[in-house]
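# Structure assessment
Residue strings, one per chain:
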Amino acid sequence: DTRTILLSKFGQELLPKISCQTFDPLLGKRELLKDLMSEERRLAVKDKYNVPSDNICIQIGYSASPDQKHLFLLNEINELTTSVKHKLCLVVPLAYGIRNNYVDQLIEQLPNFEIKIVPILNYLSVKEILEITSMCEIFIAVRDNDALNAAMAESLYINNQVITGSWLPYGFYMREGVRFK
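Residues numbered from 1 in each chain as written. Predicted model: local features only at pLDDT ≥ 70, side-chain atom pairs only at ≥ 80, totals over all residues. Heavy atoms only, no water.

## Here's the deal with the pattern of salt bridges
Close approach of charged atoms lets side chains of opposite charge pair. Let me state the cut-off plainly: Take a side-chain nitrogen of Lys or Arg and a carboxyl oxygen of Asp or Glu: if they are within 4 Å of each other, that pair is a salt bridge. Only DSSP runs of H or I reaching four residues or more are called helices, and only runs of E reaching two or more are called strands; each is numbered from the N terminus. Think of it in three bands: residues with accessible area under 20% of the maximum for their type are buried, residues over 50% are exposed, and the middle band is partly exposed, with areas taken using a 1.4 Å probe on protein chains only.
Within this structure, the stated rule accounts for three salt bridges. In this structure, the salt-bridge partner of glutamate 137 is lysine 46, at a minimum N-O distance of 3.0 Å. Highlighted residues: glutamate 137 in the loop between helix H7 (126-135) and strand E4 (138-141) and lysine 46 in helix H3 (residues 39-48), separated in sequence by 91 residues. Owing to a relative accessible area of 3%, lysine 46 belongs among the buried residues under this scheme. For the salt bridge of lysine 85 with glutamate 114, the shortest nitrogen-to-oxygen distance reads 2.9 Å.

## Brief notes about H3
Keep this limit in mind: Picture the helix axis, draw a direction to every C-beta atom, and the arc is the one those directions span. Contacts were defined at the residue level, with two residues in contact if any of their heavy atoms lie within 4.5 Å.
Buried within H3 are the following residues: Arg42, Val45 and Lys46. Mapping the buried residues of H3 onto a view down its axis gives an arc of 105°, with all of them on the same face. Seen from the buried face of H3, the exposed residues on the opposite side, beyond 90 degrees, are Glu40 and Asp47. The secondary structure elements touched by the buried residues of H3 are helix H2 (30-36), strand E1 (56-60) and H7. After H3 finishes, the residue asparagine 50 shows a positive phi value of roughly 60°.

## A word on the confidence of the model for the protein
Cut-off, in case you're wondering: On a scale of 0 to 100, pLDDT captures the predictor's confidence in every residue.
Of all residues in the protein, 79% have pLDDT values of 70 or greater, and the mean over the chain is 82. Helix H9 (residues 171-175) is the least confidently modelled element of the protein, averaging 60 in pLDDT, while helix H5 (residues 82-85) averages 96, the highest of any element.

## Notes on the side chain of glutamine 59
Short version of the rule: Pairing of N or O atoms within 3.5 Å defines a polar contact, subject to two protein rules: one partner must be a possible hydrogen donor and the other a possible acceptor, and residues neighboring in sequence count only if both atoms are side-chain atoms.
Position of glutamine 59 relative to the elements: it lies in strand E1. Accessibility expressed as a relative area gives 5% for glutamine 59, which makes it buried. A distance of 2.9 Å separates a polar side-chain atom of glutamine 59 from the backbone oxygen of glycine 61.

## Looking at the packing of aromatic side chains
Put simply, the test is: Stacked, tilted and edge-to-face are the three classes assigned to paired rings of Phe, Tyr and Trp, where Trp is represented by its six-membered ring and a pair needs centres within 6.5 Å; plane angles under 30 degrees give stacked, over 60 edge-to-face, the rest tilted.
Within the structure shown, the criterion is met by one aromatic pair. With centroids separated by 4.9 Å and ring planes inclined at 80°, the aromatic side chains of tyrosine 96 and tyrosine 123 adopt a geometry described as edge-to-face. Highlighted residues: tyrosine 96 in the loop between strand E2 (88-93) and helix H6 (101-109) and tyrosine 123 in the loop between strand E3 (116-120) and H7, separated in sequence by 27 residues. The exposure class of tyrosine 96 is partly exposed, given its relative accessible area of 27%. On the accessibility criterion, tyrosine 123 (59% relative accessible area) is exposed.

Given below as structure tokens:
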């Protein structure tokens, strides 16, 4: 998909210069993810982050980059009815990426939302990152551009619902049998 975009934008003469490599974003993570998929483990992680066990957990993006559109998504979710918002917990990973005014402004605005929000500000081990993935039932990634991110692959692997932009080049997933609605 990325090759097609490059060729259409820069011309077919680039074809001999483009090589596509498939990588496995789950390399070394499958066993840990399988272990974290049990309902018991999911509930234990929710407890670790003070998330009520009956809340639907939604991960908003995977880094501190403004490209993750945190504020846009938080504002959209905040428009839901109060009864729905009380059933949600939003997990916002902000430890990775450039720490700048954007993160400070985002954190400053979190109390304005009528939703339980858990900002993740500390760097995490791979296991802790995967625990966050396992705790959440939904992953939202609506960047303007993306190729293939590990957070999405991890979420799909453990059968979470994924909300992403139809403009993103995820034909790879469709060819592998993942269906988008």
